[in-house]
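So you can see what is in the structure, the chains are spelled out below.
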Amino acid sequence: MQAQLEKILDKNRNKIQYGNLPTYIPELTKANKDALGIYISQPDGKEFGAGDYGYKFTIQSISKVITLIMALEDWGPAYIFEKVGMEPTGDAFNSMMKLEIVRPSKPFNPMINAGAIAVTSMIKGNSPEEKIDRIMKFFKLITQNPTLEINKSIYMSEKKTGDRNRAMAYFMKDVGVINEDVEGNLDVYFRQCSIEVTCKDISRIGLFLSNNGILKETGEQLINPEYTKIAKAFMVTCGMYNASGEFAINVGIPAKSGVGGGIMAVVPGRMGIGVVGPSLDEKGNSIAGIGVLKDISKELDLSIF
Ligand SMILES: NC(=O)CC[C@H](N)C(=O)O
C-alpha cells in the first residue's frame, strides 16, 4: 500500500502547477502550494501515510460536515431541515444567487457557505464561546488528537475579509433563518473553519463517518447512524460543490473539500482518507488531491456505485 500511495502522489504532482492558492482569504496565500500528502485510516487500526501527510492546513469547509452532525444530534433533522435545504446548487460554494429564489427563503444545503453558517448558528450553546468550545471538544474526540488548535492569523484574516459570508448571514437573519447574533454566529463559523489539521486528522474523521458514528477507540456510538448517513449523502451530492457530479463519476465516494487544500473522503465500512494539496482548481477543490483520489479509487476499487 505504502509504495502504491507514493507512486500515485508522484504521478499527480505535475497537476499542482495548473492550480492556484485562494486569495480571497489573504492569509491562505502563505500556504505551501507544492505540498501534497495522503493518510488512510482503517477500522482494523492499520494506517498509511505518504508525502506531506504531516503538513498543517486549516480544515475550512470540511468542518461543515462535522457541525452538521452536531446540529442534527442537538435538534434532530426536522428542525434543521426547516431552515436548510437538501438540494445541490450547481453554483460556487460562496454563491448567494439562489438564497432568495425559494419561498420561504433558505439556503439550498449545509455544504455551501450560507447553509453551513445557518447550521453553525443552530449548534447548542449559550454563547459563541460555549459553541466553539463544544465544537473543539468534539473535533478533538473524533480525531483522537487533543492538540488541535485554531490558527489565529487565518481566523483573523477571514473575519476581516469575510464580507460575502457576512452579507449572506445578515440576509438570513432578515428572513428568519438565523437568530439576531449574526456576528457571534459568524465568529463561530470563521473559527471552526480555521481549525488546523493534518491529513491524519481528517482521515480519522472520515473513518468515524465510515464507521457510522462509532468511535473506534471506545466503541461508543457518538452520533446517531441516521445522521452520519445524512452527512455522507450530502458529501456525495454537494461535498465538492459544483464539481460533485464529476467527482461521483470519477471517484465515486463521499468526500468534502476545503479551500485550505484538504479533502476528506469516506469509504463506508472500509476506510477514512485525508488528502492535502493547497493548489486549487477554479471550483476551489485541491487540483492534485482530486487526481490522487481518482487514482486510488481505481486501484483499490473504492467506488460505492
Ligand atoms: N470552500 C471553503 O472551504 C470555504 C470556507 C471558507 N472559510 C469560506 O467561508 O469561504
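Worth saying up front: this structure is predicted, and the values here are computed from it rather than measured. (Residues numbered from 1 in each chain as written. Predicted model: local features only at pLDDT ≥ 70, side-chain atom pairs only at ≥ 80, totals over all residues. Heavy atoms only, no water.)

Glancing now at the site of the ligand. The ligand sits among Tyr24, Gln60, Ser61, Phe93, Asn113, Glu158, Asn165, Tyr189, Cys193, Tyr241, Gly258 and Val259. A distance of 2.6 Å separates a nitrogen atom of the ligand from a polar atom in the side chain of Gln60. Looking at the shell around the ligand, its residues break down into six nonpolar, five polar and one charged. (Near = heavy atom within 4 Å. Polar contact = N/O pair within 3.5 Å; in protein donor to acceptor, adjacent residues only side chain to side chain. Nonpolar A, V, L, I, M, F, W, Y, C, P; charged D, E, K, R; others polar.)

Per-residue confidence for the chain gives a mean pLDDT of 96; residues scoring 70 or more make up 100%. Predicted complex metrics record ipTM = 0.96 and pTM = 0.97. (pLDDT = per-residue confidence, 0-100.)

Split into domains, the chain comes out as domain 1 (2-60 + 197-299) and domain 2 (62-193). Contacts between the two partners involve 38 residues from domain 1 and, on the opposite side, 39 residues from domain 2. Here domain 1 meets domain 2 over a buried area of about 3,300 Å², counting both sides, of which 75% is carbon and sulfur. Considering only the side of domain 1, the residues that lose the most area to domain 2 are Gln60, Tyr227 and Phe234, jointly responsible for 19% of the buried surface there. (Domains from an automatic or database assignment. Contact = heavy atoms within 4.5 Å. Buried area = accessible area lost by both parts, 1.4 Å probe.)

Attention now moves to the packing of aromatic side chains. Inspection of the entire model under this criterion finds seven aromatic pairs. Measuring from ring centre to ring centre gives 6.2 Å for Phe138 and Phe208, while their planes differ by 80 degrees; the resulting arrangement is edge-to-face. With Phe138 in helix α5 (residues 128-143) and Phe208 in helix α9 (residues 199-210), this pair connects stretches of sequence that are 70 residues apart. For the residue pair Phe138 and Phe208, the accessibility class agrees, reading buried in each case. By way of ring pairs, the aromatic residues Tyr24, Phe93 and Tyr241 are connected into one cluster. Across the ring face of Phe108, the terminal group of Lys98 is positioned such that the distance to the ring centre comes to 5.8 Å. Positioned over the ring face of Trp75 is Lys124, at 4.6 Å from the centre of the ring. (Phe/Tyr/Trp six-rings, centres within 6.5 Å; stacked < 30°, edge-to-face > 60°. Helix = DSSP H or I, 4+ residues; strand = E, 2+ residues; numbered from the N terminus. Buried < 20%, exposed > 50% of the residue type's maximum accessible area, 1.4 Å probe, protein only. Lys NZ or Arg CZ within 6 Å of the ring centre and 35° of its normal.)

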